Amino acid sequence: MLSQINGLSRHFTEDTLRAYLLNRSTRTDQGCLVVRGYGDRRGVYQKLGGRAWAHIAAYVVFVGGYDPALEVHHDCGVPDCIEPTHLRQLSHSDSCRERAQRPQCRNGHDREVDPATGRFRRVCRTCNREAQKRWRERQAAEVAEARAAFGRMRS
Ligand SMILES: [Zn+2]
Ligand SMILES: [Zn+2]
């Protein structure tokens, strides 16, 4: 039902909306169907067809059975993807949990499972260790610089 798509321009039929979405999309090597909405920001949710969210419009016409009470979640983690097999409806809290529970941190390290909760640890140990190492190196450089300045003062 197109009336479920908030902000969608009224002149669309299901068929013309499907064609419109496909015309604006490109298949990526990862199998995503990335859609081009208004504006030039990519990698974010896209608006088109009036002021409708592309992933919601795609869910309605390609997947079907859209429930406006639930969110449309991207299994691929690509917000501007409209590939029907990458879209899934989840409640808001499930959607947040899915987002928080990616198996890798944003730097691509495998995350560790906390045995107490059975969920991934929030802080990535590798990133943490690297940040500490950078901090120690900075400290050491500052100390060395201070020593050198002190040496110049004394001579
Ligand atoms: Zn995708
Ligand atoms: Zn990391």
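Refer to the structure presented above.
This write-up is about the structure you can find in this document. (Residues numbered from 1 in each chain as written. Chains lettered and ligands numbered in written order. Predicted model: local features only at pLDDT ≥ 70, side-chain atom pairs only at ≥ 80, totals over all residues.)

### Looking at the overall build of the protein chain
- Looking only at helices and strands, the protein chain features four helices and eight strands.
- If you list the helices and strands of the protein chain from N to C, you get α-β-β-β-β-α-β-β-α-β-β-α.
- The globule rule puts the C-alpha radius of gyration for 155 residues at 15 Å, and the 24 Å found for the protein chain is more than 25% above it.
- By residue count, 21% of the 155 residues in the protein chain fall in the buried class. (Helix = DSSP H or I, 4+ residues; strand = E, 2+ residues; numbered from the N terminus. Rg over C-alpha atoms; globule rule 2.2 N^0.38 Å. Buried ≥ 20, exposed ≤ 12 C-beta atoms within 10 Å, placed from the backbone.)

### Observations concerning the packing of helix 1 (residues 14-23) against helix 2 (residues 54-63)
- Between helix 1 and helix 2, whose axes approach to 10 Å, the crossing angle comes to 130°. The orientation of helix 1 relative to helix 2 falls into the category oblique. Seen along the crossing, helix 1 lies across helix 2 with a hand that is left-handed. Touching Glu 14, Leu 17, Arg 18 and Leu 21 of helix 1 are Ala 54, Ala 57, Ala 58, Val 61 and Phe 62, all from helix 2.
- Residues belonging to the contact of helix 1 with helix 2 are distributed by class as follows: seven nonpolar, no polar and two charged. (Axes fitted to C-alpha atoms, helices over the stretch in contact; angles between N-to-C directions. Parallel < 35°, antiparallel > 145°, perpendicular 65-115°, else oblique. Left-handed = near helix turned anticlockwise from the far one by under 90°. Contact = placed C-beta atoms within 7 Å. Nonpolar A, V, L, I, M, F, W, Y, C, P; charged D, E, K, R; others polar.)

### Quick look at the environment of Glu 14
- Secondary-structure assignment places Glu 14 in helix 1.
- Given 13 C-beta atoms within a 10 Å radius, Glu 14 is considered partly exposed.
- For the pair formed by Glu 14 and Val 61, sequence separation is 47 residues and the distance between their alpha carbons is 6.1 Å.
- Ignoring sequence-local partners within four residues, the contact set of Glu 14 consists of Leu 2 and Val 61.

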